[in-house]
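Now for the letters of each chain:
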Amino acid sequence: MVFHMLTFSIHHFGVMFLDQVHYFMMMEISCYSLQQLTRVFSWKVGPFDPLIGPTTDSISEGPIIAIRYSLDTKVIAIQRSNHEIQFWDRETGETFSHTCMPESESILGFFWTDSQQCDIVLVKNSGLDLYAYNSESKSLQLVQTKKVNVSWFVYTHESRLVLLASGMQCKTFHGFQISSADIVRLPRFEMVMAKSEANSKPVLAAEDIFIVTVYGRIYCLQVDRVAMLLHSYRLYRDAVIQQGSLPIYSNRIAVSVVDNVLLIHQVDAKVVILYDLFVDSRAPISAPLPLLLRGFPRSSSLSQYSGRESESSDGNVLSNHEAVTYANTWTFLVPDLVCDVANKLLWKFNLDLEAISASSSEVPSVLEFLQRRKLEANKAKQLCLGITRTLILEHRPVPVVAKAVNVLVTSYSHSIKTGGYLKGLKPEKTSTSVVQNTGADVSAIETDVIGKSILHESTKRVDSGSFNKASTVSSLDSEDESQSANPKHNSKDAQGEGKVNNAISLSTGAHGAYVMQSSLQSGQEESQLTSAAISPDEMYSFIFSPVDEEMVGDPCYLVAIIIEFLHSANSEKIRVLPNVYVLIIQLLARNERYAELGLFVLNKILEPSKEVALQLLESGRQNAQTRKLGLDMLRQLGLHHDYVLLLVQDGYYLEALRYARKYRVDTIRPSLFLEAAFVSNDSEHLAAVIRFFADFLPGFKNTSEHNRYCRILNEMNSSMTV
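Now for a quick tour of the structure. Model, not experiment: these values are computed from the prediction.

A few words now on helix H16 (residues 670-679). Taken together, the buried positions of H16 are occupied by Pro-670, Ser-671, Phe-673, Leu-674, Ala-676 and Ala-677. With its phi angle positive at about 60°, Asn-681 sits one or two positions after the end of H16.

This brings us to the pairing of strand S25 (residues 271-275). Of all five residues that make up S25, five are buried, and the element is covered over most of its length. With burial as the criterion, each face of S25 is covered, one bearing Val-271, Ile-273 and Tyr-275 and the other bearing Val-272 and Leu-274. By the bridge criterion, five bridges tie strand S24 (residues 261-266) to S25 in an arrangement that is antiparallel. The residue of S25 that forms the bridge with Gln-266 is Val-271. Between S24 and the antiparallel strand that follows it, S25, lie four residues; Lys-270 among them carries a positive phi value of about 60°.

The next thing to look at is the packing of helix H8 (residues 536-550) against helix H10 (residues 578-590). Relative orientation of the contacting elements H8 and H10 amounts to 15°, with a least axis distance of 10 Å. Judged by the angle between their axes, H8 and H10 are roughly parallel. Seen along the crossing, H8 lies across H10 with a hand that is left-handed. In this structure, H8 contributes Asp-537, Tyr-540, Phe-544, Ser-545 and Asp-548 to the contact, and H10 contributes Asn-579, Val-580, Leu-583, Leu-587 and Arg-590. Among the residues making up the contact of H8 with H10, the classes are represented as five nonpolar, two polar and three charged.

Counting residues in each nonpolar core, the largest one holds 104 residues, and the members touching the most others are Ile-392, Phe-544 and Phe-673. The biggest single contributor to this core is helix H9 (residues 556-571), with eight residues. The contact partners of Phe-673, leaving out residues within four places of it in the chain, are Val-644, Val-648, Tyr-653, Ala-656, Leu-657, Ile-668, Val-689 and Phe-693. Core analysis: the next-biggest nonpolar cluster, separate from the first, contains 20 residues, Val-214, Tyr-215, Leu-230 and Ile-264 among them.

With that out of the way, let us pick up the sheet that holds strand S9 (residues 95-99). Taken in spatial order, the four strands of this open sheet run S6-S7-S8-S9, and their pairing is antiparallel. Of all the strands in the sheet, just strand S6 (66-69) and S9 have a single pairing partner and so form its edges. Between one strand and the next, the sheet's axes are offset by a mean angle of 20°, whatever the strand orientation. In the sheet, S6 pairs with strand S7 (residues 75-79) via four bridges, with the strands oriented antiparallel. Across the sheet, Tyr-69 pairs through a bridge with Ile-76, a residue of S7.

With that settled, the discussion passes to unusual backbone geometry. Although it is not a glycine, Cys-170 sits at a positive phi angle of roughly 55°. Among the secondary structure elements, Cys-170 is positioned in the loop between strand S15 (161-166) and strand S16 (172-178). Unlike most non-glycine residues, Glu-592 shows phi in positive territory, near 55°. Among the secondary structure elements, Glu-592 is positioned in the loop between H10 and helix H11 (594-602).

Turning our attention to the packing of aromatic side chains. The geometry of an aromatic ring pair is captured by the separation of the ring centres together with the interplanar angle, meaning the angle of the planes. This model, assessed by the stated rule, comprises 15 aromatic pairs. Where Phe-87 meets Tyr-133, the ring centres are 5.8 Å apart and the plane angle is 40°; that geometry is what we call tilted. Taken as a pair, Phe-87 in strand S8 (residues 84-89) and Tyr-133 in strand S12 (residues 127-134) lie far apart in primary sequence, 46 residues in all. Judged by relative accessible area, which is 17%, Tyr-133 ranks as buried. Between Trp-330 and Phe-332 the ring centres are 6.0 Å apart and the planes differ by 70°, which places this aromatic pair in the edge-to-face class. A network of ring pairs unites the aromatic residues Phe-87, Phe-96, Trp-112 and Tyr-133 as a single cluster. Across the ring face of Phe-110, the terminal group of Arg-68 is positioned such that the distance to the ring centre comes to 5.4 Å. We note Arg-373 situated over the ring of Phe-369; from NZ or CZ to the ring centre the distance is 4.4 Å.

Another aspect to go through is the pattern of salt bridges. Pairing is possible between side chains that carry opposite charge, provided their charged atoms lie close to one another. Per the counting criterion, the structure on display carries 22 salt bridges. With its nearest N and O atoms 2.3 Å apart, the salt bridge here joins Arg-225 to Asp-208. Taken as a pair, Arg-225 in the loop between strand S20 (217-224) and strand S21 (229-235) and Asp-208 in the loop between strand S18 (189-190) and strand S19 (209-214) lie far apart in primary sequence, 17 residues in all. Look at Arg-225 and you get partly exposed, because its relative accessible area is 32%. A relative accessible area of 5% means that Asp-208 is categorised as buried. Its salt-bridge partner being Glu-596, residue Arg-593 comes within 2.9 Å of it at the nearest N-O pair. On the basis of relative accessible area, Arg-593 is assigned to the partly exposed category, the value being 27%. Three or more residues joined by partner-sharing salt bridges are found here, namely Glu-105, Lys-124, Asp-129 and Lys-147.

Another point: the sheet that holds S12. The strand order across the open sheet formed by four strands is S10-S11-S12-S13, and the pairing between neighbours is antiparallel. Where the open sheet ends on each side, the last strands, each with one partner, are strand S10 (107-112) and strand S13 (139-147). Across the sheet, the axes of successive neighbouring strands diverge by a mean angle of 25°, strand direction being ignored. Inspection of the sheet shows S10 paired to strand S11 (residues 120-124) by five bridges, in the antiparallel sense. The residue bridging Gly-109 from the neighbouring strand is Val-123, located in S11.

About the cut-offs
- Residues numbered from 1 in each chain as written.
- Predicted model: local features only at pLDDT ≥ 70, side-chain atom pairs only at ≥ 80, totals over all residues.
- Heavy atoms only, no water.
- Buried < 20%, exposed > 50% of the residue type's maximum accessible area, 1.4 Å probe, protein only.
- Helix = DSSP H or I, 4+ residues; strand = E, 2+ residues; numbered from the N terminus.
- Pairing = 2+ DSSP bridges.
- Axes fitted to C-alpha atoms, helices over the stretch in contact; angles between N-to-C directions.
- Parallel < 35°, antiparallel > 145°, perpendicular 65-115°, else oblique.
- Left-handed = near helix turned anticlockwise from the far one by under 90°.
- Contact = heavy atoms within 4.5 Å.
- Nonpolar A, V, L, I, M, F, W, Y, C, P; charged D, E, K, R; others polar.
- Core = buried A, V, L, I, M, F, W, Y, C linked by side-chain atoms within 4.5 Å.
- Phe/Tyr/Trp six-rings, centres within 6.5 Å; stacked < 30°, edge-to-face > 60°.
- Lys NZ or Arg CZ within 6 Å of the ring centre and 35° of its normal.
- Salt bridge = Lys/Arg side-chain N within 4 Å of Asp/Glu carboxyl O.

Here it is in structure tokens:
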């Protein structure tokens, strides 16, 4: 689906630019005044706040080829021509220009960087010039030059990677990653291009190349329009390896990344195909799906700035026929935005996890896919719980449910080991100076912040014949994000089986059976949850316990499912809370399966605990052997107080006295023993209890209890004599 974010309503609309560093959407507006100034409006859309209006800057009028803010937003760099870049100090209004020398060289573009060695990089047809910006002298100081013949280039700030195309067909590439840690030069590589005719040599264009970051890995995607394939290249520090190809079905292709899911837009066909590059399979996650425009412009989301008071919003809400998916005026912005230039609308891609879950019958694969989601981790968790719960209620075969449960347990175990689960329970602060991209996650940026580079990987562990082998997960300097995405490296891709009608788009929401109620959300804001992992306690609270209340028929089916859960938890060495074992006892006792219950206890399938022992005692009211198992468990656990108390309650007060004396249990009031002996109406037993406490409890003879029960004993003896 595509969520509406922003509507631009500005008079004298000029040219639109995107600043990837801050995710500023900038528009150049010409205001014809005496000063001949150009006003630049900018909206920060990552993260986007509809209540915050744009910032405005007035710069000198003139041609604008490109415009970008410095990383600290104090300086605006404007490319005026192929030979000149102007720098505008936003605080003082002072400007200076940098001219390309010699004139035979031309500036193809530029970008700011957080490198320790330079502040800004100029891409020229002769290579890269790395400059340090000097705010005092108002000049650029050349740091170093990378000499390469350049036809055009592609750069994303998210990856800090620039690819320079050269050659007659523009298929030879040189790559540089200019990060805060280091400047890494990739080996030169060539891209594969099919030939349409014997003497025809197609030329690669910049719009055919996409740099994406998925699970912390940097990929270069290349459109081959002749072969109708999308080639994928994995970028390493010391090699660039082709990973495979994906089919395309349209001459116009666009690429987005949302929550580490690759979206291949078939623009002509007006559908999008989703891929999860984490799994080995090259099959799509689901069948091709259309886009749904959701959150259509409302007055609360309109941003109107024309140098005067905002006008009424009624005239700015576009009619439905004006918002057309994959319109010719759409401009796709890496990684997850699209701008409708004609209608002045900005959209953000989002995944409808419910529709994707319903589009595949491969439940384990769907669960694995959902467990890797971070953008809407809370919804993914609810869907996982609901899907598993539905499987059990529908009495699916035990092996099928066991596989689903094992996916959840394994994912939770891995999340605990990597710290992702505990990390997800706390709200996290996100940097305002980097792209808040929840799809092509921020791991590539984070590694730069701590002085490491995604490209610091070697190819020693790479199998070049695989599209996405698990051996390529980790980098040499930092853990690849895909390592923490899912521990099952050989998982199957969740693919559509053609069971979803075309009317079901990415926005389908009619899957309420898969959605848990708000009880799961208590104390966990969706914006704070970054892991869809499900703990054993949540398995009990939101799967086993509700199923026990709703399920009809033989409860032993649910017992079998829980046993499979315990097996998975034991394999992952995850501790299960006693409430799960208590539920097993309740289910078996309800069906009077006391023999199996005894075997579960003797074979240690039920982990001993006080809660388990008490439930055995409770369920053993109808079966003496089960109650004895509960008493024995209390004794084995060293819960002497509870054991003695239960012996007294069962009428074995003399045995309880002997046990209390042996294990020195002095926490039970004598009155309980005395009352039990009195109720038995046995004067000899009452006398024995009184004598016991008189001998072993100092000061007992001086208590009111001693006097009272001695009087009762005398009365009992007198009545017997009479």
